[in-house]
Every structure is written in C-alpha cells, then in structure tokens.
Amino acid sequence: MLFILATACQSQTTTSTQSSEPNAVKIGTASVEVKVSGGYDADKLTMSALWTALLDNASISDNSMFLSPAPVEFTRSGNTWSAEIPMELLHKNNVPLTISSVDGRQIGRIYTGLDQNSPLKIELKIDNDGNITGHSATGGTGIIDWDGKYAEIHYVWATTPEPTDDTYADCDKYIKWETQTRMPSFIEESLALVPDATDAERRWIANEQTRRYITGRLMDYELTARDFGKCADPATPGPEYYRAFLNLLDYSPLLLDEMIPDLRGFTNKLISKLEISPIGDTPVDQWQEGVRAKLSTVMDSPTQTLLDLLTATSFLEQLQEEHRQFSPAQVENIKAFFTADDMGRLLLSRNENPYPSYSLPE
C-alpha cells in the first residue's frame, strides 16, 4: 500500500522556522538526513530524492529521445539515510523524497523544503508491514508537505463555469472576467487544500498558482477563445490585456521557488509574446535594457529577478533547443554581468552539461 504520509501518521511536528532569507541563485547542496525506527527491516529500505534545475525544461528531449530524471540516491549507515541534494537556489520547497523497499514497492513520498544553510533532519516510524506511522522534522525551510497536498494542487482547476455569452469575443471583457472571477476562484481552491499553511506559505502557493494559470490559460488568448469560447475570429489583444494579469504576479525572488518545475514555460511565453530577440552575442546589460523597455509596456515594475530569468532562458534555449554552445563572446558577457549571485556559474555549467538533473541516453 502506498502512503503519502496522510492518515497513517499519528504524530506530526515541525519545529524549525520557515526560512526568511530572500531566495537567490546559488550553486551548492542541501543536507538531508532521515532516521527510521518502528520495526521495519532497515536492510529492505532505500531512499531517493528528485531535484530539478532552475528553469528546467518541462518536456526534456534530446535528438527525439526523452530524458529521464536522475534521482539522488541516499546512503545508509545503520538506521540513518543521508544525502547531499544538488541545489541551484538558496532554498527550495516541494522537493520529493521517496521511501521504497528494495523490491521496488513505494512506501511513502514526502515533499520537503530544503535550505542550503539549514540541514533537514527527518525522523520516521515505519512498522513491520511498511506503514509510516509517525514523523517529525527540523531544519530545511521549515515546510514539509506530509500529506501530499502540493501534488493535489498540481491538478486543481477552477470549478467556475465557462461563460456562455460573448465574453470570449472581447479580449477586454474576457480578461476582466478572468481576473475578477475565474482566477480568484482557482487560487481559493488551491489554498483550501492547505488549510494550515503559514502566511508565507500561502503567499508562495498563491503566486505559484497565479503564474501557472497565467501561463496555461491567459497568455494565449486567441487559442483559449477558440478552444473554450468557440470564437472563430478572436481579436489580437493589446498591451493592456497582458497588463491586467501580469501585474498580479510577484516578481521578487519568490518567483524562483517553483512549486512544480514549469517556470520555463512562463519565461518562454513572455519572450514569445513580446517578440524578444535571442540574446546572441549582445552584452547582457544592453540586451536587458531592451527587454526592460518591452516589459514596461505590459507591467508596471519589471524586476531584476525577472530580467535575469529571461536572460537565462534565452541562453538556455540556444543550448537545449538549438544545441549550440556559447560563443567566446557569450562566455565573456556572462562572466562580466553576473557577479551578484551564481547565475553566471549556472549558465556556464549548462554550457558543459545542458541537462544536469537528467540521465542522458547512452
């Protein structure tokens, strides 16, 4: 039987305080230690964690061969399992840790919050039948999704009925309905799955779900109008259409911590909708100046975080989609511009290995 650490657990304590330090791009690792008691044969347990690279490509393929995620396997010493999980952010929530038996049966999955500055220590009780009966944790970000609610959030969709009038035929009328009715319902339904969330966790969840909704539904008005509104000839929306919802997002470093690895979809669509040219050999500061001007037509205050994510996306598109390594000029441009955090190191490491969290085909 598969447990997502829900009703089987009789105790639940998390004593650490959620990380309050602003997130940042940082290459490193987060320490995780899991101690097991309760009678289950330790020789029969294995543990692994899935990590995702920043701006991961959600549908990775290379030369038409789809790549498989490469889990980090834990090492065992007695009744304790430990691992150093690769990190490209200072802290990240919703990193899945899987507990399995050696025969491949999954015993449980925990969605963990990792912090490079705060080792995560988990204690589990697993009975003789392989049921998780208790758990506690300290460290990390202070957020552990014992009940698997974040996985459920992934499948939430607003239950507000689609409009039956001419709403879809008018992009201004449509976006007013979306931002005042449909999207608020979607966020409310998402947050209802995590009733005990802290204020900081609620802000994170709401921002993540807002971004996902924008990417999946609002950025492609004409397609949505045709598919859902049966509108044969929808008008092309102007800047005010995008401004109505893009201003609802928080573009601070909060944006870095994806609940689900699909941030790349949002940055790709921004580049496409604003017709932003590839960075090529253009110095980063010059390219960002042009991008900031375009962003300012559809949002009030483009942040440096967003500009850096779009810059990285343009570079990654070259590496992962066009399969072209950086030119000498690009390497020097990256080194010269990214000095405040590890974004430059990240991009240069991608130049050597475009898909670090995936197993490459042999």
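Residues numbered from 1 in each chain as written. Predicted model: local features only at pLDDT ≥ 70, side-chain atom pairs only at ≥ 80, totals over all residues. Heavy atoms only, no water.

J.: Would you explain the confidence of the model for the protein chain in this entry?
T.: Taken over all residues, the pLDDT of the protein chain has a mean of 91, while the share at 70 or more is 93%. Every residue in residues 1–17 is under pLDDT 50, and counting partners more than four places away or in other chains gives 48 contacts. (pLDDT = per-residue confidence, 0-100. Contact = heavy atoms within 4.5 Å.)

J.: Hey, could you run me through empty space enclosed by the protein in this one?
T.: To locate leftover empty space, one rolls a probe as large as a water molecule over the atoms. Under the counting rule described, the total for this entry stands at two cavities of 30 Å³ or more. What the largest cavity holds in volume is close to 110 Å³. Looking at the lining of the largest cavity, the elements with two or more residues in it are strand E9 (80–89) and strand E10 (91–101). Broken down by element, the residue count for the lining of the largest cavity peaks at five residues, all from E9. The residue inventory of the lining of the largest cavity, partitioned by class, reads 10 nonpolar, one polar and three charged. In this model, the second largest cavity occupies a volume close to 40 Å³. Ala53, Leu54, Asp56, Gln320, Arg350, Pro354, Tyr355, Pro356, Ser357 and Tyr358 are the residues that line the second largest cavity. (1 Å grid on protein atoms, 1.4 Å probe; cavity = no way out; pocket = protein on both sides within 12 Å on 5 of 7 lines; lining within 4 Å. Points joined across faces, edges and corners; volume = space filled by probe spheres on them. Helix = DSSP H or I, 4+ residues; strand = E, 2+ residues; numbered from the N terminus. Nonpolar A, V, L, I, M, F, W, Y, C, P; charged D, E, K, R; others polar.)

J.: Teacher, can you tell me more about helix H7 (residues 284–295) here?
T.: In an α-helix there are 3.6 residues to a turn, and that puts residues three or four apart on one side. Relative to the 16 Å expected for 12 residues at 1.5 Å per residue, H7 spans 16 Å between its end C-alpha atoms, a close match to the ideal helical length. Buried within H7 we find Val284, Trp287, Gln288, Val291 and Leu295. One face of H7 carries all of its buried residues, which in axial projection span an arc of 95°. Residues of H7 that are buried sit in contact with helix H6 (263–273), helix H8 (304–321) and helix H9 (328–337). (Expected span 1.5 Å × (residues − 1). Buried < 20%, exposed > 50% of the residue type's maximum accessible area, 1.4 Å probe, protein only. Arc of directions from axis to C-beta.)

J.: I would appreciate a short explanation of the pairing of E9 in the present structure.
T.: Where a strand is regular, its side chains alternate between the two sheet faces. The element E9 is extensively covered by neighbouring structure, given that seven of its 10 residues are classed as buried. Sheet topology places strand E2 (residues 25–37) next to E9; nine bridges connect them, and they run antiparallel. Bridging from a neighbouring strand, Thr29 pairs with Pro86 of E9. Pairing between strand E8 (residues 75–77) and E9: three bridges, direction antiparallel. The residue bridging Ser77 from the neighbouring strand is Thr80, located in E9. The hairpin turn running from E8 into E9, its antiparallel successor, is two residues long, and Gly78 in that turn takes a positive phi close to 65°. (Pairing = 2+ DSSP bridges.)

J.: Help me understand the sheet that holds E10 in this model?
T.: Strand-to-strand pairing in sheets goes through backbone hydrogen bonds, with the strands running parallel or antiparallel. Taken in spatial order, the five strands of this open sheet run E7-E3-E10-E11-E14, and their pairing is antiparallel. This sheet does not close on itself; its edge strands, each paired only once, are strand E7 (72–73) and strand E14 (144–145). Where strand E3 (residues 45–49) and E10 come together, five bridges link them in antiparallel fashion. Note on E10: the bridge partner recorded for Ser48 is Thr98.

J.: What am I meant to see in the environment of Pro86 here?
T.: Along the chain, the position of Pro86 falls in strand E9. In contact with Pro86, not counting residues within four places along its chain, are Gly28, Thr29, Trp51 and Val72.

J.: Would you mind showing me how to read the packing of aromatic side chains here?
T.: For any pair of aromatic rings, the description rests on two quantities: the centre-to-centre distance and the angle between the ring planes. This structure, assessed with the given rule, holds 11 aromatic pairs. Both rings, one in Phe337 and one in Phe338, keep their centres 5.0 Å apart while their planes meet at 90°; by these two values the pair is edge-to-face. Residue class for Phe337 comes out partly exposed when judged on its relative accessible area of 26%. The class for Phe338 is buried, based on a relative accessible area of 8%. An aromatic cluster is built from Tyr168, Tyr174, Trp177, Tyr221, Tyr241, Tyr242 and Phe245, whose rings are joined through pairwise contacts. (Phe/Tyr/Trp six-rings, centres within 6.5 Å; stacked < 30°, edge-to-face > 60°.)

J.: Help me understand the pairing of E3, please; the structure alone is not making it clear to me.
T.: The element E3 is largely enclosed, with a buried count of four among its five residues. Pairing geometry for E3 and E7, over two bridges, is antiparallel. For Ser48, the partnering residue across the bridge sits in E7 and is Glu73.

J.: Would you explain the side chain of Asn93 in this entry?
T.: One can find Asn93 in strand E10. By relative accessible area, which is 5% here, Asn93 ends up buried. Reaching out from Asn93, the side chain makes a polar contact with the side chain of Thr141 at a distance of 2.6 Å. Here the side chain of Asn93 touches Asp257 through a polar contact of 2.9 Å, side chain to side chain. Beyond its immediate stretch of four places on either side in the chain, Asn93 contacts Thr112, Gly113, Thr141, Ile143, Trp204, Asp257 and Glu258. (Polar contact = N/O pair within 3.5 Å; in protein donor to acceptor, adjacent residues only side chain to side chain.)

J.: I tried to follow the nonpolar core on my own but got confused; where do I start?
T.: One broad trend across soluble globular proteins is that nonpolar side chains are buried collectively. Counting residues in each nonpolar core, the largest one holds 69 residues, and the members touching the most others are Leu246 and Leu347. Beyond its immediate chain neighbours, meaning those up to four positions away, Leu347 contacts Ala312, Phe315, Leu316, Leu319, Phe326, Ile334 and Phe338. Core analysis: the next-biggest nonpolar cluster, separate from the first, contains 31 residues, Ala83, Leu97, Leu120 and Ile126 among them. (Core = buried A, V, L, I, M, F, W, Y, C linked by side-chain atoms within 4.5 Å.)

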